[in-house]
Structures are given as structure tokens and as C-alpha cells.
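# Structural overview
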Amino acid sequence: MEKKNIDWAALGFGYIKTDKRFVSNFKNGAWDEGVLTEDDKVVISECAGVLQYAQTCFEGLKAYTTEDGHIVCFRPDLNAKRMHDSAERLEMPPFPEDRFIQAVVDVVKANAAYVPPYGSGATLYIRPYMFGSNPVIGVKPADEYQFRIFVTPVGPYFKGGAKPITVKISDFDRAAPHGTGHIKAGLNYAMSLHAIVTAHNEGYAENIYLDPGTRTKIEETGGANIIFVDADGNLVVPKSGSILPSITRRSLVYVAEKYLGLKVDEREVLLSEVPNFKECGLCGTAAVISPVGKIVDHGKEICFESGMEKMGPVIQKLYDTLTGIQMGRIEAPEGWIKVIE
Ligand SMILES: *Cc1c(COP(=O)(O)O)cnc(C)c1O
């Protein structure tokens, strides 16, 4: 198959229209069989539930080319399950998990010419999402829904090395206790936009949100979970019911324990103990891990020993091992790599 004429290394993280996308509609209590289509436009009522009351959720994963030339994606079963959970929390009919995985495979295959080659650093980003599509004006769940998956090639997350970033402790809250922080709802992002624009204007790369109840505990950033390395070189992972269960974070915990022999402590993490940690990183599908060099808490700087030039040694090892597993250079745990073709 001939690849598209794209300068993979120069790609950013943006939308590029590809050839095919998957669409399935839910009507009269059932999902239809769905189609792959060239039509990239969505036509819905001006009163659609998603437009009035934000009834929508999404997922994000990547397809890429491994060292031996296969197109694969990473743990799509966990995205299928998480989207199922998101849909239930938003009173939407879940899209069946086996059909979710099949649709991911079908869309990637149909756009194989857009999957970047091994070694380019670029990947094919896959965006499944679902929304209420029929008119809703009294507040209630929609009766009809659309599930779609499109793909778009994205460039290497780190151009010219993974430089540590500076982040701030936010005065805004991301997710209430017993709210929707643990699901991938569009609404969680809508309310974070003001906070991230503010942080960027102040020169910070990201916001760290605290628990809204006591404002003493670390939750996560707007779109990534946080991991720390303690003075003994072990992994410390914040735990809370309002943190989004990152697949990258869950995979890193497994890698730390099973591949690197580290101890992993998943527990509530106080902001006041962060100065005792040696390394910090943000984890999510896009970057795998972004190293954090400095956290600014209302003018007070918390500088990690790993500094502002490179990843700390433990985070580097975690990064190398997980990306090695993803790219087929290191043997993966059973079921982690879904071969597409
Ligand atoms: C998607 C997301 C993450 C990262 O999850 P991955 O499955 O690792 O990509 C972290 N935090 C939030 C709020 C998210 O929406």
C-alpha cells in the first residue's frame, strides 16, 4: 500500500481529513450496523441533545507502525471499556465493546495510507466519540445517538527531545467529588479551557488540579495523569475517585512493577509532600510521559532533582520500556498489542 505524501516529522497535533470514517446511529433502542463513509460532515438538528446539554463523550488512542512493519494499536479494549463507562454515566446507550474494537480496526485499515512509518515518531490518532443527536429541549437524555470514529495523522509529540515543562497549581477545579472526573466527557474539557488559557498566558505548560474538597491533594492535569518518583526510586501515583483512569498510567504501573521491579504506591498524595519527590511526569496517550521539571504553587517553586534539561532516570526508564513495548522492540504483556495488519 502506498503511503500518502506527508512530511511525517513536520506534522503537529492537528486535524487532517483522511479518507474514511466509521458512523453508526442509535435509533428505536438499537445501534445500526454502521458504515465506513467518505462523508466527513455531521448533519443534526439545531436542537440536538449534544448542542443543548453537552451529552457527549470521547476516547483517544493511536495506531502506528512497529519495528517489524505491522500496523498496530495499543490496548483498544481498555478504550472500549472506558467509553462504555462514560456512556453509562451520561445516560447514553453504550456502543458494544467488541464492535468498538472492530470499528477501530476497520477505520485504521481503511486509512492505512495515513499510518506513519516506523521511526518517524508520528502516529495515527484515533478519535471515537458519541453524542445525543435528536432534538432535546426539556432536560433529559436524548433518544437517538451517533457514534463515530475518525483518524488523523499527528506528528512526534517531542520535537528535538523531551524537555521538562513547568506547570502551575491551579486555583480552578477540574472535577467535583462524585462528579464526572472519572469519565471522558466533553464537558470536563469545556470547563477546563478557561483555566488552560489562563495558565498559558502566565507562561505555564499545564495546570495541576487539586481535590476540590480540601484543596490539599494532587489530582491530575487537564488531560494527563501525574506520576512521581520518591526518594527511594519508587513510583508514587495519586489515587482519587475523580481522576480519569489513564490507560497510559495503568500500563506504566504494570511496567514499573513487572518489568523494572519498582515498588508502586497508589494512594492519596498531598501537595505538601511533593517537594520530597525526585521526579515528576504527566502521562497520557499523546506524549506517553511528559517530564515535569518544576511546579509553581502560588509563587513558591518546587524544583525536581531531575532538572529542566532532561527526563529523570526512573521516568526515562519507564518511558523507554513502555514505548519499547508499544513499538515491538520489547515483548509485550499478553493482549496489549492489537495487530491491525
Ligand atoms: C484522556 C485523559 C487522560 C489520559 O488517558 P490515556 O488513556 O492515558 O490517554 C488523562 N486525564 C484526562 C482528564 C483525560 O481525559
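Residues numbered from 1 in each chain as written. Predicted model: local features only at pLDDT ≥ 70, side-chain atom pairs only at ≥ 80, totals over all residues. Heavy atoms only, no water.

Attention now goes to the overall build of the protein chain. From N to C terminus, the protein chain includes seven helices and 17 strands. If you take every contact in the protein chain between residues at least 6 apart in sequence, the share linking residues at least 24 apart comes to 71%. For the protein chain, the accessible area works out to roughly 15,400 Å², and carbon and sulfur atoms hold 51% of it. Considering the protein chain, the positive charge centre built from 37 side chains and the negative charge centre built from 44 side chains are found 1 Å apart. (Helix = DSSP H or I, 4+ residues; strand = E, 2+ residues; numbered from the N terminus. Contact = heavy atoms within 4.5 Å. Areas by Shrake-Rupley, 256 points an atom, 1.4 Å probe, with all protein chains shown as cover. Lys, Arg positive; Asp, Glu negative; His and termini not counted. Charge placed at Lys NZ, Arg CZ, Asp CG, Glu CD.)

Attention now goes to the site of the ligand. The environment of the ligand is made up of 15 residues, and the closest members are K184, Y189, S246, T248 and T285. For the ligand, an oxygen atom lies 2.7 Å from a polar atom in the side chain of K184. Here a nitrogen atom of the ligand and a side-chain polar atom of E220 are 2.7 Å apart. Taken by itself the ligand offers 380 Å² of open surface, and the protein chains cover 96% of this. Of all the cavities here, the one that holds the ligand is the largest pocket. (Near = heavy atom within 4 Å. Polar contact = N/O pair within 3.5 Å; in protein donor to acceptor, adjacent residues only side chain to side chain. 1 Å grid on protein atoms, 1.4 Å probe; cavity = no way out; pocket = protein on both sides within 12 Å on 5 of 7 lines; lining within 4 Å. Sits in = over half its atoms within 2 Å of the grid points.)

Now for empty space enclosed by the protein. By the definition in use, this model includes one cavity of 30 Å³ or more. For the lining of the largest cavity, the secondary structure elements donating two or more residues are strand 5 (61-65), helix 6 (247-258) and helix 7 (313-327). With three residues, strand 5 is the single largest residue contributor to the lining of the largest cavity. Partitioned by chemical class, the residues of the lining of the largest cavity number six nonpolar, six polar and two charged. A domain-level breakdown of the lining of the largest cavity finds at least three residues from each of domain 1 (8-154) and domain 2 (165-326). (Points joined across faces, edges and corners; volume = space filled by probe spheres on them. Nonpolar A, V, L, I, M, F, W, Y, C, P; charged D, E, K, R; others polar. Domains from an automatic or database assignment.)

Here the phi dihedral of R215 falls at roughly 55°; this positive angle occurs in a residue that is not glycine. In this fold, R215 is placed in the loop between strand 10 (206-208) and strand 11 (225-229). Since its relative accessible area comes to 30%, R215 is described here as partly exposed. One non-glycine residue with positive phi stands out, namely H298, at about 50°. Mapped onto the elements, H298 comes out in the loop between strand 15 (288-297) and strand 16 (300-303). (Buried < 20%, exposed > 50% of the residue type's maximum accessible area, 1.4 Å probe, protein only.)

Time to look at the domain arrangement of the protein chain. Split by domain assignment, the protein chain resolves into domain 1 (8-154) and domain 2 (165-326). Here the C-alpha centre of domain 2 lies 26 Å away from the C-alpha centre of domain 1. On the side of domain 2, 21 residues touch domain 1, which itself brings 20 residues to the contact. The contact between domain 1 and domain 2 buries some 1,600 Å² in all, and 64% of this surface belongs to carbon and sulfur atoms. Joining domain 1 to domain 2, the criterion identifies zero salt bridges. Across the contact surface, domain 1 and domain 2 share nine residue pairs in polar contact (both at pLDDT 80 or more). Taken together, the elements giving at least two residues each to the side of domain 1 that touches domain 2 come down to strand 4 (56-58), strand 5, strand 6 (71-74) and helix 2 (76-89). Across the side of domain 1 that touches domain 2, the residue classes break down as nine nonpolar, five polar and six charged. (Buried area = accessible area lost by both parts, 1.4 Å probe. Salt bridge = Lys/Arg side-chain N within 4 Å of Asp/Glu carboxyl O.)

What follows deals with the state of the cysteines. Using the criterion set out here, one finds zero disulfides in the structure. C280 carries a free sulfur, and the closest cysteine sulfur to it, the one in C283, is 9.6 Å from it. (Disulfide = S-S within 2.5 Å.)

Take the environment of A332 next. Within the fold, A332 resides in the loop between helix 7 and strand 17 (337-339). Put simply, A332 and G121 are 211 residues apart on the chain and 19 Å apart in space, counted from C-alpha to C-alpha. Those residues in contact with A332 that lie beyond four places of it in its chain are Y259, I325 and I337.

Another point: the side chain of Q146. When you line up the elements, Q146 lands in strand 8 (residues 145-154). Side-chain polar atoms of Q146 contact the side chain of N25, separated by 2.7 Å. Setting aside its immediate chain neighbours within four residues, Q146 contacts V23, S24, N25, W31, V42, Y129, M130, F131 and S133.

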